Amino acid sequence: MLIYHTSDWHLGRMLYGRSLLSDQEHFLYNVFLPAVEREHPAGVIIAGDIYDRQVAAIEAIRLFDGVLDRLVNLGCKVFAVSGNHDGAGRMAIMKSALRRSGVYIATTLEEAMEPVTLSEGGETVQLALLPYCDPSAVRDLLCDSDLRGETACMGALLDRIRPKLDPKLPRLLVAHCFAAGASLSDSESVFVGGSGQVSPEVFAGFDYVALGHLHGPQPAGENARYSGSPLKYSIGEAGQRKCFLRLEISHGRISCQERDITPLRDVRRIEGSFDELMSGSSEDYVELHLTDRDPVLLAAQRLRPRYPNLLSVTNSWTLKAPGERAGRLSGRDQQAVFTAFMKDVCGLETDGEDLELFREIWREVQP
């Protein structure tokens, strides 16, 4: 039996004010769905944060609706949970009807208490679908006001779920949470410090835990894994590899492989002098860092035609301490700034007479 594990699609995401919907559509229709068509997995796990906002954009909803339609037509079952970015109440619309088509979307803790069975090719597994929740919701469900902290609440919740699973079958848990010890990127919304973390030890007894919430693919303890987000959603993820996970169940044992994702447009940092960057070009989402020792005027405006998806431009000059920058505006460097200004802003080349006039005025304005 084959199952795909993915998460954190964040449909409708914006990057520096730019919509990533076309990039997300490329991933889903040119990468993910073709893989489903080739390999015919029995099911697809989506471990939360399908949307980027609780009130999702219409275009994002249409995209997800189209993907669900394709998966159902391919005979692939879907097992999804709501994440902290999803509007759980809105995702619950038509949930019962969708189940009749093999689409299981869990948005309440009560649904986590009703495991789903999946069978194909002589293999059978059980899945517990646990949506994102906060400790207060767990205390209310379990009627236990003494539970404190994420780990204690998650542990108590899983203690209620385990007895409902058949110990003779492989047991899968789908959850959206922050497992302690996992690595973060700057596009993730997590609690400060360790208050929002769950110890991976609470996942004991499950053969595989399909996690969502963190954007880097990585293990979390012995039997849990984050698939990570399929795309890079911040410049901090520039060096991060993206993938979805391929689970193969054979004779009750589960093996996991990563399937790399090639995006429509990458997110990258590029460093070099202004002249070096002007000699190149890229359609990727890029943050450019100028290494020039002197200021470069109108850098972003001049670079954007070569980098149409330019996110930002930083300059070593502006990162210097004010005192250091002021120190570099003495002697020759003042003339360099003036010369660059005349060329870049005014479109004029300076000559000796211009420089002499500049020096005369500079001396007059000095205290």
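These notes cover the structure that comes with them. Because the structure is predicted, anything quoted here is derived from the model rather than measured.

Rules used throughout
- Along each chain, residue indices are assigned from 1 in the same order as the chain's sequence is written.
- In view of the model being predicted, local features appear only for residues whose pLDDT reaches at least 70, and side-chain atom pairs are presented and counted only at 80 or more, with totals across whole chains, interfaces and linings using the full set of residues.
- Side-chain metrics in this entry use all non-hydrogen atoms of the structure; hydrogen atoms and water are not considered.
- Residues form patches when they are more than 30% accessible in relative terms and have no salt bridge. Like charges link within 9 Å. Nonpolar side chains (Val, Leu, Ile, Met, Phe, Trp, Tyr) link within 5 Å.
- Accessible surface is estimated by sampling points in the Shrake-Rupley manner with a 1.4 Å probe; for residues, cover comes only from the protein chains shown.
- Take a side-chain nitrogen of Lys or Arg and a carboxyl oxygen of Asp or Glu: if they are within 4 Å of each other, that pair is a salt bridge.
- Helix numbering and strand numbering both begin at the N terminus, where a helix is a DSSP run of H or I of at least 4 residues and a strand a DSSP run of E of at least 2.
- Accessible area is worked out with a 1.4 Å probe on protein chains only. A residue is then buried under 20% of its type maximum, exposed over 50%, and partly exposed in between.
- Here a polar contact means two N or O atoms within 3.5 Å. Within protein one must be a hydrogen donor candidate and the other an acceptor candidate, and residues neighboring in sequence count only if both atoms are side-chain atoms.
- Note on contacts: a residue pair is in contact if any heavy atoms of the two residues lie within 4.5 Å.
- Criterion used throughout: strands pair if DSSP finds at least two bridges between them.
- We call a crossover right-handed when, viewed with the strands running away from us, the connection from the first strand over the helix to the second turns clockwise.

Describing a nonpolar patch on the surface
Where nonpolar side chains cluster on the molecular surface, the patch consists of Leu 357, Ile 361, Trp 362 and Val 365 and spans about 370 Å² of accessible area. Within the element layout of this structure, Ile 361 appears in helix H13 (residues 352-365).

What to know about the side chain of His 176
Positionally, His 176 belongs in strand E9 (residues 171-176). The exposure class of His 176 is buried, given its relative accessible area of 3%. A distance of 2.9 Å separates the side chain of His 176 from the backbone oxygen of Ala 47, its partner in a polar contact. At 3.2 Å, the side chain of His 176 forms a polar contact with the side chain of Asp 49. Beyond its immediate chain neighbours, meaning those up to four positions away, His 176 contacts Asp 8, Ala 47, Gly 48, Asp 49, Ser 82, Gly 83, Asn 84, Leu 130, Tyr 132, Gly 212 and His 213.

A look at the pairing of strand E5 (residues 77-81)
On a regular strand, each side chain points to the face opposite its neighbour's, so the side chains alternate between the two faces of the sheet. Burial analysis of E5 places four of its five residues in the buried class, the great majority of the element. As judged from the four bridges shared by strand E4 (residues 43-46) and E5, these two strands associate in the parallel manner. Residue pairing in the sheet places Gly 43 in a bridge with Lys 77 of E5. The β-α-β motif built from E4, the intervening helix H2 (residues 58-73) and the parallel element E5 has right-handed crossover chirality. Examined bridge by bridge, E5 and strand E6 (residues 103-106) share four bridges and lie parallel to one another. Within the sheet, the bridge partner assigned to Phe 79 lies in E6 and is Tyr 104.

Examining the pattern of salt bridges
Applying the stated criterion across every chain, the model contains 15 salt bridges. One salt bridge in this structure joins Glu 258 and Arg 225, with 2.8 Å as the shortest N-O distance. With Glu 258 in strand E16 (residues 253-260) and Arg 225 in strand E14 (residues 224-226), this residue pair connects regions lying 33 residues apart in the sequence. Judged by relative accessible area, which is 31%, Glu 258 ranks as partly exposed. A salt bridge links Asp 260 to Arg 241; the nearest nitrogen and oxygen atoms lie 3.0 Å apart. Placement of Asp 260 in strand E16 and of Arg 241 in the loop between E14 and strand E15 (243-250) is noted, with a sequence separation of 19 residues between them.

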